Amino acid sequence: MDNYVTGAVIRRLRESKNLTQDALAEKIHVSGKAVSKWETGQGFPDVSLLEPLAQALGISVIELLSGEDVRNRNRSSNLRRGKFYVCPICGNVIHAVGEAVVSCCGITLPPAEPEETDDEHSIRVETVEDEYYVTLGHPMTKTHFISFLVAVSDQGIQMIKLYPEGNAEARFKINRVKFLYAYCNRHGLFRKKL
Ligand SMILES: [Fe+2]
């Protein structure tokens with residue numbers, strides 16, 4: 001985890017729940033003075049209190065630690081606006097269709113911001129029968145390679161994991177695909193609109 005829970009976060013969340021310090025304290029069986037100390041930076045809640053504290057504030061422990069209160073107001077999520085999170089440590093790839101706080105290998109991951117493709121990361125697309133044959137002329141060495149390719153439609157995503165020394169290529173069902181994404185381990189996420 002990047003940071004431990006801060007007093008400012010506890011105060012903000014407590015106030016947004018319209019709880020007094022005493023009311024919050026009562027829910028988690030501590031004194032009002034203890035809550036006051038946390039909020040003014042004179043102490044931290046014991047780690048054993050994180051779970052009950054998060055519960056009392058109506059959020060998850062990871063939201064509490066990241067200081068972000070995640071709410072998806074528009075529950076009809078839009079796949080085309082989905083986000084990719086890539087763990088720099090283990091290479092895990094997580095796709096979210098709405099707002100999320102994503103943690104892997106002990107760090108909170110920012111969403112990968114897609115860039116328009118450039119010369120080194122240009123995505124070539126050929127139509128072969130009912131598939132897109134997608135290739136990149138990008139290096140595929142152990143230290144610099146395309147680690148995954150994704151085709152996104154309004155109905156779902158198709159993701160192909162790639163490996164160093166393999167080919168930077170994939171086949172995707174054409175089925176309403178609107179965007180192609182390629183992720184370079186050094187240069188990040190690139191997007192091509194179809
Ligand atoms: Fe690259």
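Along each chain, numbering runs from 1 in the same order as the chain's sequence is written. Side-chain atom pairs in this predicted model are given and counted only at pLDDT of 80 or more, local residue features only at pLDDT of at least 70, and totals for whole chains, interfaces and linings cover all residues. Only heavy atoms go into the side-chain values, all of them from the structure, while hydrogens and water stay out.

**Points about the overall build of the protein chain**
Secondary structure elements are taken from DSSP: a helix is a run of H or I of four residues or more, a strand is a run of E of two residues or more, and numbering for both begins at the N terminus. Along its length, the protein chain carries 5 helices and 12 strands. In terms of overall dimensions, the protein chain is more spread out than a globule: its C-alpha atoms have a radius of gyration of 22 Å, far above the 16 Å expected for 194 residues. Principal-axis analysis of the C-alpha atoms gives the protein chain an extent of 70 × 35 × 25 Å. Burial status follows relative accessibility: with a 1.4 Å probe on protein chains alone, a residue under 20% of its type maximum counts as buried, one over 50% as exposed, and anything between as partly exposed. Residue burial in the protein chain is summarised as follows: out of 194 residues, 38% are buried. Only heavy atoms enter the contact rule, under which two residues are in contact if any of them lie within 4.5 Å. Of the contacts made within the protein chain by residues no fewer than 6 positions apart, 52% connect residues no fewer than 24 positions apart. Note on areas: Shrake-Rupley, 1.4 Å probe, and residue coverage restricted to the protein chains presented here. As displayed, the protein chain offers around 11,000 Å² of accessible surface, 47% of which is attributable to carbon and sulfur atoms. This radius of gyration counts C-alpha atoms alone. The globule rule is 2.2 Å times how many residues there are, raised to the power 0.38.

**Considerations on the environment of A182**
Along the chain, the position of A182 falls in strand β11 (residues 177-184). For A182, a relative accessible area of 2% puts it in the buried group. A182 sits 100 residues away from G82 along the chain, and the two C-alpha atoms are 14 Å apart. Excluding residues that lie within four positions of it along the chain, A182 makes contacts with I123, L136, I146, F148, L149, G188, L189 and F190.

**Quick look at the pairing of strand β7 (residues 131-136)**
Extensive coverage of β7 is indicated by the burial of 5 of its 6 residues. By the convention used here, strands pair only if DSSP detects at least 2 bridges between them. Once strand β6 (residues 123-128) ends, the chain turns through 2 residues before running back antiparallel as β7, passing E129 with a positive phi of about 55 degrees. Here β7 runs beside strand β10 (residues 169-173); their pairing, made up of 5 bridges, is antiparallel. What sits directly across from Y133, in β10, is R171.

**Side note on the environment of A56**
By secondary structure assignment, the location of A56 is in helix α4 (residues 50-57). A C-alpha to C-alpha distance of 49 Å links A56 and S122, two positions 66 residues apart in sequence. In contact with A56, not counting residues within four places along its chain, are K17, L19, L24, K27 and I28.

Function cannot be read off these values alone, since they describe shape.
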